[in-house]
Amino acid sequence: GIAVFVAGVGIVTSGIPFDPHTEAVPGAAGNGPALDPFISINAQISGDQPVDLFKVQTSDPQYWRLYTLDQFDGEEWRSSDPDGSVSGQTVTVPTVLPQPPGYAPPPDTGTRAFTFRIITDDWGSTHALPMAQTPEAISAGDLGDVTWDPGRGQAFVDGLDAGVEYGITSRIVVPTPEQLDQVVNLTSLQYRDWTDLPGDEVLDPQIGEIAKDWSAGATSDYEKVLAIQQHFHSEGFRYSTDVDVDDSADALLAFLTQTKAGFCQQYATAMAVLVRELGIPARIA
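Just so it is clear, the structure is predicted and the values come from calculations on it, not from any experiment.

So, how was this worked out
Residues numbered from 1 in each chain as written. Predicted model: local features only at pLDDT ≥ 70, side-chain atom pairs only at ≥ 80, totals over all residues. Heavy atoms only, no water. Helix = DSSP H or I, 4+ residues; strand = E, 2+ residues; numbered from the N terminus. Buried < 20%, exposed > 50% of the residue type's maximum accessible area, 1.4 Å probe, protein only. Polar contact = N/O pair within 3.5 Å; in protein donor to acceptor, adjacent residues only side chain to side chain. Pairing = 2+ DSSP bridges. Salt bridge = Lys/Arg side-chain N within 4 Å of Asp/Glu carboxyl O.

A. Just the environment of Asp149, in detail. Among the structural elements, Asp149 can be located in strand β14 (residues 145-149). Accessibility expressed as a relative area gives 0% for Asp149, which makes it buried. Separated by 49 residues in the primary sequence, Asp149 and Pro100 place their C-alpha atoms 8.9 Å from one another. Engagement of the side chain of Asp149 in a polar contact is seen with the backbone nitrogen of Gly151, the distance being 3.1 Å.

If you want it as structure tokens, here you go:
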């Protein structure tokens, strides 16, 4: 129902899928499937036919990531830098990707090779490349110049057409509970604004109380995150793709206290907000 990953640096990332049947984002080509980089607590799954977007050749299947969303307005998550123009830097493929300061993955991790082939033109005028975490290099491909944002681990290109192929080398980081329990100093100064939330006039104060209640007794940041995640596996919560849309400002609170039913968008939104309520950096991926 919900996929939550705590990266090696301690940032909580909640995984959600994109609906290829939504209306095209501004600049998208054609009238076919397009990706909507906004995630709403009110969203529903529409359409019943899957649409193939890209294919990956690899011996190590992973979750594929396109966007990281870091701003929450009370209903929707969106990216503060959707095309990398603020924090990105231009690199020419093939290249080893620059990493953020202090990048030091656990010594027992390894790298994997992934070959991506795009099979649809409906990506929009500027788009993030599908990748596996944590990308360290882009090898031969038809990409040319790429905008790379090391803080987000995202690469952007001007247009993404069917038939384009490129290779990614990613370091697959699956930290142990012991490693996660040692992560400290998860401050907004180090992780940008990934602890920001709307004020009480937008976000009901009860949500902060729920975060504290669910994590009561936990001492480390990892224990707090784990306690919240485990709570979604109890207390009557259930996975469902058939949920009523609640357009009120209290949709998140209603999900946490009343309906307790939803799919990955509801769970990911709630998880990230509750973690931020505790002052721990979180984002949607």
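Okay, back to it.
B. Quick peek at the environment of Gly236. The topology assignment puts Gly236 in the loop between α3 (221-231) and β17 (238-239). A C-alpha to C-alpha distance of 6.7 Å links Gly236 and Lys260, two positions 24 residues apart in sequence.

C. Seen up close, the sheet that holds strand β13 (residues 135-141). Taking strand neighbours across the sheet as the criterion, the 5 strands line up as β4-β10-β16-β13-β9 in an open arrangement whose pairing is antiparallel. Of all the strands in the sheet, the pair left with one neighbour each is β4 (54-57) and β9 (95-96).

D. The arrangement of the pattern of salt bridges in detail. Counted under the stated rule, the structure contains 6 salt bridges. A salt bridge links Arg78 to Glu76, with the shortest nitrogen-to-oxygen separation between them at 2.6 Å. By relative accessible area, Arg78 is classed as partly exposed at 28%. Where Arg152 meets Asp149, a salt bridge forms, and the shortest distance between an N and an O atom there is 3.2 Å. Here Arg152 and Asp149 have matching classes, each one buried.

E. Structural detail: the sheet that holds strand β11 (residues 127-128). Read across the open sheet, the 4 strands follow the order β8-β14-β15-β11; overall the sheet is antiparallel. Two strands close off the open sheet at either side, each with one partner strand: β8 (89-92) and β11. Both β14 and strand β15 (residues 154-157) contribute to a ladder of 3 bridges, which runs antiparallel. Note on β15: the bridge partner recorded for Asp149 is Gln154.

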